[in-house]
Amino acid sequence: MRIEKKKKNDVSVVKVSGDIDISSSQEVRQYFESLLEENGNKVIINLGEVEYVDSSGLAAFVDILKKMRASGGTLKLSNVPGKVKGLFEITKLDKIFDMVDDEDDALDSF
Amino acid sequence: MVKFNFSKIFHFSAAAFFAAILIFLSYSRVFDDFEFKLLDVRYRLRPVGEVDQEIVIIEIADDTISRLGEWPIDRSYHALLVRALSEAGAEKIIFDIFFSEKRHGDEQFVYQVERAGNVYLPYVFSIYPHSRNTRILRAEGYAAPLLPELERAAVDTGYINIDPDRDGKVRRFPPLMKYEEEYYPQLTFIAALHRLGYAFDDIEVHQGKKIVIDNDLVIPMDENSMILLDYPGRWGEVFRHYSYADVIQSYMGGISGDTPLINLEELEGAVCFVALTATASPDAHPSPLETLYPGVGVHTSLYNSMLNWSFLRRLNRLGNILILIVLWVLTIYLTEQSPRRYAPMFLVLVLAGFSVVSFVCFWPLGLWIDLFYPLVTIVGVYTAFSFKKYMEEVKKREVIEKELSIAKHIQESFLPDEIPSVGSLKVYVRMLTARQVGGDLFDVIEPEIGKLGVMIGDVSGKGVPAALYMARVMSIFKTVSADSGEVSGVLEKMNRTLAFKARSGLFVTMTYMVFDVETNTFNYSIGGHMPTIEVSPGGEVSLLDVEEGLPLGMMEGAYKRVNKKYVPGSLYILYSDGVTEAMNSQKEMFGQERLIELASSLAGATAKEAVMRMHEEVFTFTGKAEQHDDITIMAIKT
């Protein structure tokens, strides 16, 4: 798994690639916790290159979302691959996450 | 009362026993042959040493034999050579050829030797075999005595015996031997002593330790009173070499007016070693540097050592044992303390580091420290300790596996033993865990008379954390479902309880259905779980899902309730994601489409038949691939 960050205006665009599973979900969680501490409360997570998300990955995303909301921030997911989207749909998590097709659209929507 | 830890005592005793054996072997130098081999590597790796330019070798090589006849050559040639070298101003002439029998030309030779006054002539002792590996070599007689007239003519005499190591290589050299309780010098040794301005009487011999010259200078000797030879380089690579025949011919040419082959003036002040180096000469031995090294090279190397006053020496036994112990402690420390994956790297570093240290000690410091025992024991100690660690881990794993197997039994006790029978409803469940303890759960209850509640759930993650969470979910479900038969209310209450204390990042997806046999209706609620499959008696398949309902334990949220009528003879299939995500060896998933297709063929099957068929199909699909998630299938036949 790899995490890259770029900043566009005041929005942090974080691109996660690879598998988000039991061995990497903790790293994802910690990454976003520290991002939040740096006052990055407008965040787009680009999942375009994510191949697999397991339940611990889902739990991590929910945690991040809860923390963002608690601190008044906004989180959007972009470029979610079909397989990952299916998982969000089954668990009804698609209802609580703001999922945008494209990173640019996500940026425009802020 | 003192408690004895017998395992520790055993390990300590075993380690002490092996350490004692190794110390004993090192002390008694049992495997010195290997030590010699590793010393030879160091000899070969070091650069060419400093060579004194006054040392000259006059070689009776193949060219000389072919030009002057056959070996032994006439001694009148030796007479001529001595005269030539003497007239050229040679400092010393040392013959590495013995003269034990009278031959033609002796008179002239004796005359020239006497006249030159700087000729050293040798004899050969026969060595007393039992004196080998004692504090000093002893002679039991002469193998090749020097002719008395030559002995009188020579400035001094000495033996030229070479005593190779067990493997036949010459690494050591005896500067002195004892014969009839007197010390006798080696030929080169006495010549070098004279060159340094000392007489044989000026030396004090400390057997097995050193020679002290004039109470001041010290030549280190090993335990057998031998000097470790400091070969400066390969034969031909070092020392000045001249052909015996060239010297003779140049001298004769000088007399007859022919152009000399070599300028004999070059030999002024030279110490000339005259020796037979022709092919198949018996006076050639293997050395650490070359497989055949002429015996005279041994003499010149010793002479060079004494002139440059640089000697090699071997570290004594106690010093080597001390190094061994330090390395053991270091290896044990690194093996025990370093993370397991780095331990081999540290081992290689210790091995390489010590090899470099041993080389640096040899060159330029001139100290030979043991390498074989340290290398072997570092690897041995590492292997033993790694094995010990491995065994400890195997034991730990066995304990954990035993505990997990107990945990599995406890976990199974949370699941219902008996399925309650309500009306004509038939329920069948089968759960196969991927590891010993799993995260799937189910329950079948009778919340009210005439009603049947079925629940299936899947805890995120696997193994012990999931199993513990599962136990908690089961107990909450039992409490909450007993209070209320209303499905969405049950999920809401459970979610509140679980989300209130959500710290572990764990959650559970769940479907709860309650069938009413009196009204032929059912209602259900889903928290993030896979939709239920409904198979009508005619084989039509539909998915029962909800619009809203997050997995339980994540965050506060609402749960929808759906009410429906059922047709008797319908089949309802609940399952965990272990079914849809079951993977074959090509990493393909079983998937929901395949599951729906399979379900459509199950109309008319009993609950048990349906469950067994589905399991069978899933395992046919996965083949030999490892099961990576719990697989639970529950079927309700109305």
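Figured I'd write up the structure that's included with this text. All values derive from a computational prediction rather than experimental measurement. (Residues numbered from 1 in each chain as written. Chains lettered and ligands numbered in written order. Predicted model: local features only at pLDDT ≥ 70, side-chain atom pairs only at ≥ 80, totals over all residues. Heavy atoms only, no water.)

This next bit is on the overall build of chain B. Summing up its helical and strand segments, chain B has 17 helices and 28 strands in all. Considering chain B as a whole, with its 638 residues, one finds that 52% of them fall into the buried category. Residue pairs at least 24 apart in sequence account for 73% of intrachain contacts in chain B once pairs closer than 6 positions are excluded. For chain B, the accessible area works out to roughly 30,400 Å², and carbon and sulfur atoms hold 56% of it. (Helix = DSSP H or I, 4+ residues; strand = E, 2+ residues; numbered from the N terminus. Buried < 20%, exposed > 50% of the residue type's maximum accessible area, 1.4 Å probe, protein only. Contact = heavy atoms within 4.5 Å. Areas by Shrake-Rupley, 256 points an atom, 1.4 Å probe, with all protein chains shown as cover.)

The next point concerns the sheet that holds strand E1 (residues 2-8) of chain A. Residue and element names in this part refer to chain A. Spatially, the 5 strands line up as an open sheet ordered E1-E2-E3-E4-E5, and their pairing is mixed. Each having just a single partner strand, E1 and strand E5 (98-100) make up the two edges of the open sheet. Taking the axes of each pair of neighbouring strands and ignoring which way they run, one obtains an average angle of 25 degrees across the sheet. Examined bridge by bridge, strand E2 (residues 11-20) and strand E3 (residues 42-53) share 8 bridges and lie parallel to one another. In the strand pairing of E3, Val13 is matched with Ile44. (Pairing = 2+ DSSP bridges. Axes fitted to C-alpha atoms, helices over the stretch in contact; angles between N-to-C directions.)

A surface patch of negative charge is lined by Asp102, Asp104, Asp105 and Asp108 of chain A. Residue placement: Asp104 of chain A occurs in helix H4 (residues 103-108). (Patch = residues over 30% accessible without salt bridge, like charges linked within 9 Å, V, L, I, M, F, W, Y side chains within 5 Å. Salt bridge = Lys/Arg side-chain N within 4 Å of Asp/Glu carboxyl O. Lys, Arg positive; Asp, Glu negative; His and termini not counted. Charge placed at Lys NZ, Arg CZ, Asp CG, Glu CD.)

This paragraph deals with the sheet that holds strand E9 (residues 203-206) of chain B. All names here are of chain B. Here we have 3 strands laid out as an open sheet, ordered E9-E10-E11, and antiparallel in their pairing. A single partner strand is all that each edge strand has here, and the edge strands are E9 and strand E11 (217-220). Across the sheet, the mean angle separating the axes of adjacent strands is 20 degrees when strand polarity is ignored. In terms of strand pairing, strand E10 (residues 210-213) meets E11 through 4 bridges, oriented antiparallel. Bridge pairing in E11 places Ile213 opposite Leu217.

All names here are of chain B. Note that Asn118 resides in the loop between helix H5 (106-116) and strand E3 (119-127). A distance of 3.1 Å separates a polar side-chain atom of Asn118 from the backbone oxygen of Glu91. Beyond its immediate stretch of four places on either side in the chain, Asn118 contacts Ala90, Glu91, Lys92, Ile93 and Val155. (Polar contact = N/O pair within 3.5 Å; in protein donor to acceptor, adjacent residues only side chain to side chain.)

What follows is about unusual backbone geometry. Residues and elements named next belong to chain B. Here Trp71 and Pro72 are connected by a cis peptide whose omega angle stands at 0 degrees. By the secondary structure assignment, Pro72 is in the loop between helix H3 (62-68) and helix H4 (75-88). Residue Pro364 is bonded to the preceding Trp363 through a cis peptide linkage, with omega at 10 degrees. Residue position: Pro364 is located in the loop between helix H11 (343-362) and strand E18 (367-368). A positive phi is found at Glu181, a non-glycine position, where the angle reads about 65 degrees. Assessed through its relative accessible area of 57%, Glu181 is described here as exposed.

The subject of this paragraph is a nonpolar patch on the surface. Residues Phe17, Phe18 and Ile21 of chain B make up a contiguous nonpolar surface patch of roughly 310 Å² in combined accessible area. Among the structural elements, Phe17 of chain B can be located in helix H1 (residues 6-27).

To continue, consider the packing of aromatic side chains. Residues and elements named next belong to chain B. Counted according to the given criterion, the structure contains 36 aromatic pairs over all chains. Put simply, the rings of Tyr123, Phe125, Tyr142, Tyr159, Tyr179 and Tyr184 touch in pairs and so form one group of aromatic residues. Against the face of Phe590 rests Arg594, its NZ or CZ located 5.8 Å from the ring centre. (Phe/Tyr/Trp six-rings, centres within 6.5 Å; stacked < 30°, edge-to-face > 60°. Lys NZ or Arg CZ within 6 Å of the ring centre and 35° of its normal.)

Another point: the interface of chain B and chain A. With 18 residues of chain B at the contact, the number on the chain A side is 14 residues. Of the roughly 1,400 Å² buried between chain B and chain A, counting both surfaces, carbon and sulfur atoms make up 68%. The largest per-residue losses of area from chain B upon contact with chain A belong to Leu550, Met554 and Met555 of chain B, which jointly make up 33% of the total buried on that side. Put simply, chain B and chain A have 1 salt bridge between them. (Buried area = accessible area lost by both parts, 1.4 Å probe.)

Residue and element names in this part refer to chain B. Here helix H2 (residues 32-45) crosses H11 at 65 degrees, and the two axes come no closer than 10 Å. The handedness of the crossing between H2 and H11 is right-handed. Taken together, the residues of H11 that come into contact with H2 (itself represented by Leu39, Arg42, Tyr43 and Leu45) are Ser358, Phe359 and Phe362. The residue inventory of the contact of H2 with H11, partitioned by class, reads 5 nonpolar, 1 polar and 1 charged. (Left-handed = near helix turned anticlockwise from the far one by under 90°. Nonpolar A, V, L, I, M, F, W, Y, C, P; charged D, E, K, R; others polar.)

Below, the discussion takes up helix H1 (residues 25-37) of chain A. Residue and element names in this part refer to chain A. A rise of 1.5 Å per residue sets the reference length of H1, with its 13 residues, at 18 Å; its end C-alpha atoms lie 19 Å apart and thus fit the reference within 8%. Buried within H1 are the following residues: Ser25, Val28, Arg29, Phe32 and Leu35. End-on view of H1: buried residues confined to an arc of 130 degrees, all on one side of the axis. Looking at the buried residues of H1, the elements they touch are E1, E2, E3 and helix H2 (55-70). The positive-phi residue at the C-terminal boundary of H1 is Asn39, with phi of around 75 degrees. (Expected span 1.5 Å × (residues − 1). Arc of directions from axis to C-beta.)

Our next topic: the pattern of salt bridges. Residues and elements named next belong to chain A. A full pass over the atoms with the stated rule returns 43 salt bridges over all chains. Between Lys67 and Glu33 there is a salt bridge, with its nearest N and O atoms 2.9 Å apart. Of this pair, Lys67 sits in helix H2 while Glu33 sits in helix H1, and the two are 34 residues apart along the sequence. Its relative accessible area of 36% is what places Lys67 among the partly exposed residues. Among the residues examined, Glu33 registers a relative accessible area of 30% and is labelled partly exposed.

Let's shift gears to the packing of helix H7 (residues 187-195) of chain B against helix H9 (residues 295-308) of chain B. To characterise two packed helices, one gives the angle between the axes of the helices and the distance between these axes. All names here are of chain B. Packing of H7 against H9 leaves a shortest axis separation of 9 Å and a crossing angle of 30 degrees. Taken as axis vectors, H7 and H9 run roughly parallel relative to one another. Crossing geometry of H7 relative to H9 is assigned as right-handed. Judged by residue contacts, Thr188, Phe189, Ala191, Ala192, Leu193 and Arg195 of H7 engage His299, Leu302, Tyr303, Met306 and Leu307 from H9. (Parallel < 35°, antiparallel > 145°, perpendicular 65-115°, else oblique.)

The subject of this paragraph is H2 of chain B. All names here are of chain B. For H2, spanning 14 residues, the distance from its first C-alpha to its last is 20 Å, which sits close to the expected 20 Å at 1.5 Å a residue. Those residues of H2 lying buried are Asp32, Glu35, Phe36, Leu39, Asp40, Arg42 and Tyr43. Looking straight down H2, one finds its buried side chains confined to an arc of 160 degrees; they lie on one side. Where H2 is buried, its residues contact strand E12 (227-228), strand E17 (313-314), H11, E18 and helix H12 (372-414).

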